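# Report on the structure
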Amino acid sequence: ARPDLFRGLVLHDPATTSSPKPTLPVFSVVGDQYAGIGSLVGEVRRVSSGQVKEAAVVERPGLAWAGAWKYAGISHGNFVDAPLWAPLFIMRLLGFLLIPAAGPADPVEAHARLAESGALFARACCGSTSLLSGSGVPSAPFERV
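Note that the coordinates shown come from a computational prediction; the quantities given were computed from them, not determined experimentally.

### Focus: the environment of Lys70
Counting through the fold element by element, Lys70 comes out in strand 3 (residues 67-71). Each C-alpha atom, one on Lys70 and one on Val47, is 15 Å from the other, the two residues being 23 residues apart in sequence. Lys70 has contacts with Val30, Gly31, Asp32, Ala35, Pro141, Phe142, Glu143 and Val145, leaving out every residue within four places of it along the chain.

Written as C-alpha cells, this is what we have:
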C-alpha cells in the first residue's frame with residue numbers, strides 16, 4: 001500500500017460501521033435511503049468530519065465539499081452504473097424485485113453531478129484553487145448531513 005499517493009477520500013453511499021477516522025479530507029455522499037438510517041449517517045458524519053479547517057476552504061474552495069452530504073432525491077441504486085448502459089426500465093424493475101440496480105433520479109444527471117462534485121473536491125485536495133465549471137460550492141440537490 002502507498003498511503004502517500006492519496007490526498008483525499010471520496011465515499012459514495014458508504015455503508016460503513018466502526019471505521020477508523022482518516023486524517024485525509026473526506027467527501028462522503030449518501031442518498032435518501034442511507035440518510036434515513038440514523039446510525040449509518042452518524043457513522044458517515046463521524047468519519048467525514050474535522051479534517052479540513054475553514055482557512056483551507058478559503059484558500060481552496062473545492063474543499064467546501066469535505067464532510068458528509070446527502071444528495072436529495074437519489075437512492076442507493078443511483079450510485080450504480082448499470083442504468084447508464086442497460087435499459088432503464090429493466091434496471092428499475094430489478095430494483096423492485098431483487099437488487100437496487102437503479103434509483104429514482106435520472107441516472108445521467110445523478111452521475112454527472114456526483115462526478116463534478118467529486119472532481120471539485122479532488123482538485124482541491126491536490127492543491128488546485130480553480131473551480132472548474134459552476135460555482136464550485138455545494139448547493140441543491142446536496143445538503144449537509
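More follows now that the structure is in view.
### Description of the sheet that holds strand 3
Across the sheet, which stays open at both edges, the 4 strands sit in the order 1-2-3-4 with mixed pairing between neighbours. Edge strands, defined here as strands with exactly one partner in the open sheet, are strand 1 (9-12) and strand 4 (142-144). Averaged over all pairs of adjacent strands, the angle between strand axes in this sheet comes to 25°, irrespective of strand direction. Bridge analysis of strand 2 (residues 26-30) against strand 3 gives 4 bridges, and the strand direction is parallel. The residue of strand 3 that forms the bridge with Phe27 is Gly67. Strands in contact with helix 2 (residues 38-48) are strand 1, strand 2 and strand 3; relative to strand 2, the strand with the most contacts, it is inclined by about 165°. This element, helix 6 (residues 107-125), spans strand 1, strand 2, strand 3 and strand 4 of the sheet and lies at about 165° to strand 2.

### Quick notes on the nonpolar core
One recurring pattern in soluble globular proteins: nonpolar side chains tend to sit buried together. Ranked by size, the top nonpolar core spans 19 residues in total, and within it Val29, Tyr71, Phe121 and Phe142 carry the most contacts. Among the secondary structure elements, those contributing two or more residues to this core are strand 2, strand 3 and helix 6. In terms of residue count, the dominant contributor to this core is helix 6 (6 residues). Discounting chain neighbours no more than four positions away, the residues touching Phe121 are Gly8, Leu9, Val10, Pro25, Val26, Phe27, Gly62, Leu63, Trp65 and Ala66. Membership of the second largest hydrophobic core comes to 6 residues, among which are Tyr34, Leu40, Val41 and Ala68.

### Some words on the environment of Ala101
As for its placement among the helices and strands, Ala101 is situated in the loop between helix 5 (88-97) and helix 6. Among the residues examined, Ala101 registers a relative accessible area of 4% and is labelled buried. Once residues lying within four places of it in the same chain are set aside, the contact partners of Ala101 are Gly77, Val80, Ala82, Pro83, Met91, Leu94 and Gly95.

Conventions and cut-offs
- Counting restarts for each chain, with residues numbered from 1 along the sequence as it is written.
- Totals for whole chains, interfaces and linings use all residues, but because this is a predicted model, local features are given only for residues with pLDDT of at least 70 and pairs of side-chain atoms are given and counted only at 80 or more.
- By convention in this description, side-chain values take in all heavy atoms of the structure and omit both hydrogens and water.
- A run of H or I in DSSP counts as a helix once it spans at least four residues, and a run of E counts as a strand once it spans at least two, with each numbered from the N terminus.
- Residue contacts are defined here by distance: any two heavy atoms, one from each residue, within 4.5 Å place the two residues in contact.
- Two strands qualify as a pair provided DSSP detects at least 2 bridges between them.
- Angles shown run from 0 to 180 degrees and are taken between the N-to-C directions of axes, each axis being a line fitted to C-alpha atoms and, for helices, limited to the stretch in contact.
- Here the nonpolar core consists of buried residues drawn from Ala, Val, Leu, Ile, Met, Phe, Trp, Tyr and Cys, with membership extended through side-chain atoms lying within 4.5 Å.
- Summary of the burial criterion: residues with accessible area below 20% of their type's maximum are buried, those above 50% are exposed, and those between are partly exposed, where the area comes from a 1.4 Å probe applied to protein chains only.

Purely geometric stuff here, so don't read any function into it on its own.
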